[in-house]
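A look at the structure
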Amino acid sequence: MTTEFARVERLDTIGEEERRVAIEANDTERDALARRFELLAVERLGAEFTIRREAGGVTARGRVDAVVVQACSVTGTPLRQTVGEDVALRFVEPAVGGGEEEIELAGDALDTIEIEGGGIDLGEAAAETMALCLDPFPRSPEAETVLKRSGVLSEEEAGAFGALAGLKAQMEGKA
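No experiment lies behind these values; they were computed from the predicted model shown. (Residues numbered from 1 in each chain as written. Predicted model: local features only at pLDDT ≥ 70, side-chain atom pairs only at ≥ 80, totals over all residues. Heavy atoms only, no water.)

What follows concerns the pairing of strand S4 (residues 57-71). With 13 bridges connecting them, strand S3 (residues 41-54) and S4 associate as antiparallel partners. Note that in S4 the partner of Leu45 across the bridge is Ala66. The hairpin formed by S3 and S4 contains two residues between the paired strands, and Gly56 there has a positive phi angle of roughly 85°. Taken together, the 14 bridges between S4 and strand S5 (residues 78-92) define a ladder with antiparallel strand orientation. Residue Val67 lies in a different strand from S5, and its bridge partner there is Thr82. (Pairing = 2+ DSSP bridges. Helix = DSSP H or I, 4+ residues; strand = E, 2+ residues; numbered from the N terminus.)

Okay, structure coming up:
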């Protein structure tokens, strides 16, 4: 599979000694990623990894940094968001026979990605990390006001405490 931001490190170039790899998405790649993740823009996406071969695969540790522009989920207003995420990944060979069995992971376990085509795609790993860090329902400062004008209740008004407050108001009005 070819991705918008492919930065493949071939397995035969990765040894047991740590090697630093820095990647940065260009304009075309950032535009394609913005379309894929339904963003207004990806202004910057870069990452630095330290990779090395270990028993059971390849580890990549580092940091993903990005600046994106999302649309407010209520008003459509452009909202700029900065991502800075430390990552620890383990790339492993695909499981033989489908590997559908459940595996319990320790708290310090690395996120696992299957190796495809004889290499590890650090660009795709960075892009997915960026996407996972984004707020799925970003809201601008004026979103609350727009929602209220439209008759949408806030969580406090619609929840159990809101119902109790409404009941209390009704009881006080009858007294």
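Spatially, the five strands line up as an open sheet ordered S2-S3-S4-S5-S6, and their pairing is mixed. Strands with a single pairing partner mark the edges of an open sheet, and in this sheet they are strand S2 (19-24) and strand S6 (111-114). Each strand axis lies, on average, 30° off the axis of its neighbour in the sheet, ignoring direction. In terms of strand pairing, S2 meets S3 through six bridges, oriented antiparallel. In the strand pairing of S3, Val21 is matched with Phe49. (Axes fitted to C-alpha atoms, helices over the stretch in contact; angles between N-to-C directions.)

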